[in-house]
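# Structural characterization, general
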Amino acid sequence: MDSISINGARIYFEIPIFGGIPVTETQVNSLLVILAIFILCKVLTHNLNVRPTTKRQIIAEWVVEKVTGLVTENMGVRFKAFVPFIAALLSLSALSSLTALLGMYPPTADLNTVMGWALLVFVMITYYKIKTGGILGYLKSFTEPIVVFTPFNILGEVATPVSMAFRHFGNVVSGTVISALVYAALAGLSTVLLGWLPGILGVIPWLQVGLPAVLSIYFDLFSGCIQAFIFAMLTMLYIASAAGEDEA
C-alpha cells in the first residue's frame, strides 16, 4: 500500500465502503493544518478584553486589521463579510505549503486541493455575476461583443478556476522538484569532488550542508506565502469584478 499514490500523495489506507475510499497524505496533512489553525485561533482569542492587555490579543487584532484592510482595499467596504473567508484561504494555503519545512507532503502540491479551492471561488464568482445581471444577463455575456465570440467566452470562463489552480499547484510542485533535484545533484557532486578524503570524511555529503536549507526556505517559505497571497488576491478581484460597481 505504501507504494501506491494519487497525484504524488501516498495512500495510507482505504475505507472499506463504496469499493474502498483512499485516505492519502493530502487528506491527513490537510486535517492537521486545519487542526493547527483551529488551535491557533482558540489560543489567540482566549479571554479577550475590550482593551488588549496581552500579546495574544494584540497579535489577533493585528491579523484581523490587516486582513480587513486587504479586503476593503481590493473589494470595497460592502464586502467586509468576506474577511473570515479570505483569512481562512490565506492561512490554509500558506500553512499547507509550509508543512514541507517539517518534511511533510504539502497539500498544495496535490492538484485536488487547489482545484477544490478554485472551484469554490468559481461558484462564488458565478453567483455574483448572476446576482448582478440576472441569469439572462449572465448567459448573454457569453455572446458579447458579438455572437461569434461565444465559444471563446465560454473557454475564458472555464479557464478561470483552471488557471488559478494550476498557477498555485505548479509553483509549489516546481519548488519541491527543484529542491529534490538540487539535493540529489549535490550528493553526487560531493562524492566526485570530495570522495577522495580519507575515511568517513569522504562519505559525508559536504555539499548538501547549507544550500538545500536555503532553497527550502525560499521555495517553501517565501514562495509558499507569495502563492497564498496571489490566490487570495485573485479571489478578491474576481469576486469584486463579478459583483460589478453596484455592489463594490
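Summary of the structure given here. This structure is a prediction, so every number in the text was calculated from the model and none was measured. (Residues numbered from 1 in each chain as written. Predicted model: local features only at pLDDT ≥ 70, side-chain atom pairs only at ≥ 80, totals over all residues. Heavy atoms only, no water.)

## What to know about the overall build of the protein chain
Basically, it comes down to this: Starting at the N terminus, helices and strands are each numbered in turn, a helix being any DSSP run of H or I of at least four residues and a strand any DSSP run of E of at least two. Three labels apply to residues, based on accessible area from a 1.4 Å probe with only protein chains included: buried if under 20% of the type maximum, exposed if over 50%, partly exposed otherwise in between. Contacts: residue pairs with any heavy atoms within 4.5 Å of one another. Here the open area of atoms and residues is found with the Shrake-Rupley method and a 1.4 Å probe, where only the protein chains shown may cover a residue.
A count of helices and strands for the protein chain gives six helices and three strands. The helix and strand sequence of the protein chain, counted from the amino end, reads β-β-β-α-α-α-α-α-α. Within the protein chain, buried positions represent 33% of all 248 residues. Long-range contacts, defined as pairs at least 24 residues apart, comprise 61% of the intrachain contacts of the protein chain with a sequence gap of at least 6. As presented, the protein chain carries roughly 14,900 Å² of accessible surface, and 73% of it is formed by carbon and sulfur atoms.

## Some points on the nonpolar core
The following threshold applies: The set of buried Ala, Val, Leu, Ile, Met, Phe, Trp, Tyr and Cys residues whose side-chain atoms join them within 4.5 Å is what this entry labels a nonpolar core.
By size, the foremost hydrophobic cluster in this structure holds 30 residues, and its most contacted members are Val 71, Met 75, Phe 82, Ile 86 and Ile 239. Counting residues per element, the ones that place at least two in this core are α2 (55-75), α3 (83-98), α4 (111-140), α5 (150-194) and α6 (211-243). In terms of residues, this core owes the most to one element, α6, which gives nine residues. The contacts of Ile 239, once residues within four sequence positions are left out, are Met 75, Phe 79, Phe 82, Met 124, Ile 125 and Tyr 128.

## Things to note about the pattern of salt bridges
Operational definition: Any Lys or Arg side-chain nitrogen located within 4 Å of an Asp or Glu carboxyl oxygen qualifies as a salt bridge.
Inspection of every chain in the model, using the stated rule, returns one salt bridge. The shortest N-O distance in the salt bridge between Lys 129 and Glu 157 comes to 3.0 Å. With Lys 129 in helix α4 and Glu 157 in helix α5, the pair connects residues that are 28 residues apart, well separated along the chain. Since its relative accessible area comes to 27%, Lys 129 is described here as partly exposed.

## A short note on α2
Counted only if it meets this: Between the first and last residue of a helix there are one fewer steps than residues, each counted as 1.5 Å, and that sum is the expected span. As used here, the arc is the angular range of directions from the helix axis to the C-beta atoms.
Helix length check: α2 (21 residues) gives 30 Å between terminal C-alpha atoms against 30 Å at 1.5 Å per residue, within 8%. Regarding α2, the residues found buried are Gln 57, Ala 60, Val 67, Thr 68, Leu 70, Val 71 and Met 75. Summarising the axial view, the buried residues of α2 lie within an arc of 165°, below the 170-degree limit, and thus occupy one face. Turned more than 90 degrees from where α2 packs its buried face, Lys 55, Trp 62, Glu 65 and Glu 73 sit exposed. Following α2 by one or two positions, Gly 76 has its phi on the positive side, about 105°.

## Quick notes on the packing of α3 against α4
Heads up, the rule is: Where helices are involved, their axes are fitted lines through C-alpha atoms of the stretch in contact, as for all axes, and angles between N-to-C directions lie from 0 to 180°. Just so you know how the angles are binned, under 35 degrees is roughly parallel, over 145 roughly antiparallel, 65 to 115 roughly perpendicular, and the rest oblique. Each helix crossing is assigned a hand: it is left-handed if the near helix lies turned anticlockwise from the far helix by less than a right angle, otherwise right-handed if that turn is clockwise. Residue polarity is assigned by list, with Asp, Glu, Lys and Arg as charged and Ala, Val, Leu, Ile, Met, Phe, Trp, Tyr, Cys and Pro as nonpolar; anything else, Gly included, falls into the polar class.
Two elements in contact, α3 and α4, have axes separated by 13 Å at closest approach and are oriented at 165°. What the angle tells us is that α3 and α4 run roughly antiparallel. In the crossing of α3 with α4, the sense of the turn from one axis to the other is left-handed. Together, Phe 85, Leu 89, Leu 92, Ser 93 and Ser 96 of α3 and Trp 117, Leu 120, Val 121 and Met 124 of α4 make up the contact between the two elements. Of the residues contributing to the contact of α3 with α4, the split by class is seven nonpolar, two polar and no charged.

## Focus: the environment of Asn 47
Quick reminder of the rule: Any pair of N or O atoms that falls within 3.5 Å is considered a polar contact. Within protein, one atom must be able to donate a hydrogen and the other to accept it, and sequence-neighbouring residues count only if both atoms are side-chain atoms.
Along the polypeptide, Asn 47 turns up in the loop between α1 (25-44) and α2. Note on Asn 47: relative accessible area 56%, which makes it exposed. The sequence separation of Asn 47 and Gln 57 amounts to 10 residues, and the corresponding C-alpha distance is 8.7 Å. Polar side-chain contacts of Asn 47 include one of 2.9 Å to the side chain of His 46.

## Overview of the side chain of Thr 68
The topology assignment puts Thr 68 in helix α2. In terms of polar contacts, Thr 68 uses its side chain to reach the backbone carbonyl oxygen of Val 64, at 2.6 Å. Dropping the residues within four chain positions of it, Thr 68 is found in contact with Lys 80 and Val 83.

## Here's the deal with α3
In this model, α3 (16 residues) spans 22 Å end to end at C-alpha, consistent with the 22 Å of a helix rising 1.5 Å per residue. Looking at α3, one finds that the buried residues are Val 83, Ile 86, Leu 89, Leu 90, Ser 93, Ala 94, Ser 96 and Ser 97.

## Comments concerning unusual backbone geometry
A cis amide bond links Glu 144 with the next residue in sequence, Pro 145, at an omega value of 0°. The phi torsion at Asn 47 lies on the positive side, around 55°, for a residue other than glycine.

## A closer look at the side chain of Asn 29
Here Asn 29 is to be found in helix α1. According to the relative accessible area criterion, Asn 29 is buried, its value standing at 5%. Excluding residues that lie within four positions of it along the chain, Asn 29 makes contacts with Met 104, Tyr 105 and Pro 107.

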